[in-house]
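Okay, here's what each chain looks like letter by letter:
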Amino acid sequence: PGTDYKRAAENATALQVALEDALKKPFPSLVEDVFGATSSLYQAFPASETYIRFAKGFEEDGTPVPHGGRAYPELAASGLWTNAEDYANFVRQLMACAAGKTSTPWKPETAALAFEPFLPVRPGTEDSQGEAICFGVDERAGKRYYFRGGNTRGYYCQTWLVPEKGNALVVFTNRQLCWKFTNELRDTYFEELTR
């Protein structure tokens, strides 16, 4: 325990079932409770009238993804359809709760767990990044920050945040593996993010 960590859709699926059992709600309705958003939903296969409001995905070479994007059946791991504004609002609320500035939608001590490292940052090692409950942890120029990214066919996103400062940078793209662009934005705004 505490020496290795692997992300897997199966872990998120087990958490999804546990949440549904504990809260007596279907998982898709939890997005409304957590995000408080009207532009986000958890659905493996959104209905066509719903799906049209989301940006269509593109391959790395710029060609459109057939049908606009790919759907995944694992709701908790890969079923979130959202936009940068809703996700940034979620991150803002999580940081505010963790700092004790609000108690909605989570208790401050619960939100603080999202940033509790269980694998430390290990500078100078091959895999130097640490892990917290909800985010990766890293350091640059002696400044700690948290991150989480996601990609699926036709989409790529990254989030960097410094909870104690209340700062975050959220980047969503509708082009697969657009990491060079997102990293350029991170590098450009890193000082402002950690200030």
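Every chain is numbered on its own, with residues counted from 1 as its sequence reads. Two thresholds apply to this predicted model, a pLDDT of at least 70 for residue-level local features and 80 or more for giving and counting side-chain atom pairs, whereas whole-chain, interface and lining totals are computed over all residues. Heavy atoms throughout the structure, all of them, feed into the side-chain values; hydrogens and water do not.

*Asks:* Describe in detail the pairing of strand 7 (residues 155-162), supporting the description with residues and values.
*Replies:* Most of strand 7 is tucked away: seven of the eight residues are buried. Here strand 6 (residues 143-152) pairs with strand 7 via seven bridges, running antiparallel. Along strand 7, the bridge assignment pairs Y146 with L161. When DSSP finds two or more bridges between two strands, those strands count as paired. Strands are runs of DSSP state E lasting at least two residues, helices are runs of H or I lasting at least four, and both sets are numbered from the N terminus onward. Where strand 7 lies against strand 8 (residues 167-173), seven bridges are found, and the strand directions are antiparallel. In the strand pairing of strand 8, W160 is matched with L169. The hairpin turn running from strand 7 into strand 8, its antiparallel successor, is four residues long, and G166 in that turn takes a positive phi close to 75°. When accessible area is computed with a 1.4 Å probe and restricted to protein chains, residues below 20% of their type maximum are described as buried, those above 50% as exposed, and intermediate ones as partly exposed.

*Asks:* Explain the packing of aromatic side chains to me, and be specific about the residues and the numbers.
*Replies:* Side-chain rings of Phe, Tyr and Trp, where Trp is taken by its six-membered ring, are said to pair if the distance between their centres is within 6.5 Å; with planes under 30 degrees apart they count as stacked, over 60 as edge-to-face, and otherwise as tilted. All told, the structure shown has nine aromatic pairs when counted by the stated rule. Taking 6.3 Å as the distance between ring centres and 90° as the angle between the ring planes, the aromatic pair formed by W81 and Y155 counts as edge-to-face. Of this pair, W81 sits in strand 2 (residues 80-81) while Y155 sits in strand 7, and the two are 74 residues apart along the sequence. The two residues W81 and Y155 agree in class, both being buried. Considering the side-chain rings of Y145 and F190, the 5.3 Å spacing of their centres and the 80° angle between planes classify their relative orientation as edge-to-face. Highlighted residues: Y145 in strand 6 and F190 in helix 7 (residues 179-194), separated in sequence by 45 residues. Each of the two residues, Y145 as well as F190, counts as buried. Three or more aromatic residues link up through ring pairs in this structure, and these residues are Y87, F90, W106 and F172. Geometrically, a lysine NZ or arginine CZ counts as sitting over a ring once it is within 6 Å of the ring centre and also within 35 degrees of the ring normal. We note R140 situated over the ring of F190; from NZ or CZ to the ring centre the distance is 4.8 Å.

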